[in-house]
Amino acid sequence: AQKITQTQPGMFVQEKEAVTLDCTYDTSDQSYGLFWYKQPSSGEMIFLIYQGSYDEQNATEGRYSLNFQKARKSANLVISASQLGDSAMYFCAMREGRTGNQFYFGTGTSLTVIP
Amino acid sequence: KAGVTQTPRYLIKTRGQQVTLSCSPISGHRSVSWYQQTPGQGLQFLFEYFSETQRNKGNFPGRFSGRQFSNSRSEMNVSTLELGDSALYLCASSLPAGKNTGELFFGEGSRLTVL
């Protein structure tokens, strides 16, 4: 079974609008971390936001927020007030407590911001 | 503070050859991980090194190997190259998860083309 599932291969959003990128995960660990990364066309992976499995509050970092629903095993990324520079691939990732520093990545969502 | 540096950025090899990729982590980071990124498979974990020891290994054949030096710099080697080894190879370094999120800091990658 896939550890991380991203069901939206491509998304379009109007500039200044909000967009939600979906991510579901699969783990039997109690301790795990969820991450979102952005990969522009240049190729470098940029860390955006982190949510720990024991965190009760949803994580926020500027225009990024993570909608964490533990019972549903989902960790959706919400980008508010989209900008043209947000056009990129977005990857959801998980680190399980028992596997040390091994990260599992989803297949990514390509976001295009339309002016 | 310098980021993760990978060399070379681009290289072209032919089937049967071998290749060595280098990664210099962020100063103070002792964990170095390697990932293979392809359009079809996304990011796949290769291996992780910490203090010169391989801590985790992904599901790749023995042709893929790595090592870490005492200064935390890491190399990965792919022997007997196959066409399917064409990919972007990403190196990432991190601090131990604990008081911080332990997110991965990625280099810009080494793009390998096998002809």
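One can find the structure itself at the top, above this paragraph.
Starting from 1, residues in each chain are numbered consecutively following that chain's sequence as written. Here every chain gets a letter starting at A, and every ligand a number starting at 1, in the order they are written. Confidence filtering applies because this is a predicted model: local features only for residues at pLDDT of at least 70, side-chain atom pairs given and counted only at 80 or more, and all residues used for totals across whole chains, interfaces and linings. Just so you know, side-chain values use all the structure's heavy atoms and leave hydrogens and water out.

Here the focus is the nonpolar core. Note that soluble globular proteins tend to have their nonpolar side chains buried in a common cluster. Only buried Ala, Val, Leu, Ile, Met, Phe, Trp, Tyr and Cys residues count toward a nonpolar core, and they belong to the same one when joined by side-chain atoms within 4.5 Å. Throughout, exposure labels follow a simple rule: accessible area from a 1.4 Å probe, protein chains only, divided by the maximum for the residue type, with under 20% read as buried, over 50% as exposed, and the rest as partly exposed. In this structure, Y25, W36, I49, L77, Y90 and L111 of chain A are the most contacted members of the largest nonpolar core, which totals 26 residues. A run of H or I in DSSP becomes a helix once it reaches four residues, and a run of E becomes a strand once it reaches two; helices and strands are each numbered from the N terminus. Taken together, the elements giving at least two residues each to this core come down to β2 (10-14), β3 (19-21), β5 (32-39), β6 (46-52), β8 (64-69), β9 (74-79), β10 (88-96) and β12 (109-114) of chain A. No other element matches the 4 residues that β10 of chain A contributes to this core. Grouped together as the second largest cluster of nonpolar side chains are 21 residues, V4, C23, W34 and M76 of chain B included.

With that settled, the discussion passes to the environment of A87 of chain B. Residues and elements named next belong to chain B. With respect to the element layout, A87 can be found in strand β9 (residues 87-94). C-alpha of A87 to C-alpha of N100: the two residues are 13 residues apart in sequence and 31 Å apart in space. Those residues in contact with A87, other than ones at most four positions away along the chain, are Q36, Q37, T38, S110, R111 and L112. Contacts are assigned to residue pairs that have any heavy atoms within 4.5 Å of one another.

The next subject is the pattern of salt bridges. Whenever Lys or Arg places a side-chain nitrogen within 4 Å of a carboxyl oxygen from Asp or Glu, that contact is recorded as a salt bridge. Overall, the coordinates contain 8 salt bridges over all chains when judged by the stated rule. Between D86 of chain A and R63 of chain A there is a salt bridge; the shortest N-O distance is 2.8 Å. Taken together, the residues span a long stretch of sequence, with D86 of chain A in the loop between β9 and β10 and R63 of chain A in the loop between β7 (60-61) and β8 at a distance of 23 residues. Taking relative accessible area as the criterion, D86 of chain A reaches 2% and is therefore assigned buried. Residue E75 of chain B is joined to R73 of chain B by a salt bridge in which the shortest nitrogen-to-oxygen separation is 3.3 Å. With a relative accessible area of 16%, E75 of chain B lands in the buried category. Taken together, the shared-partner salt bridges connect R63, E82 and D85 of chain B into one network.

Keep in mind that these numbers describe shape and distance, not what the molecule does.
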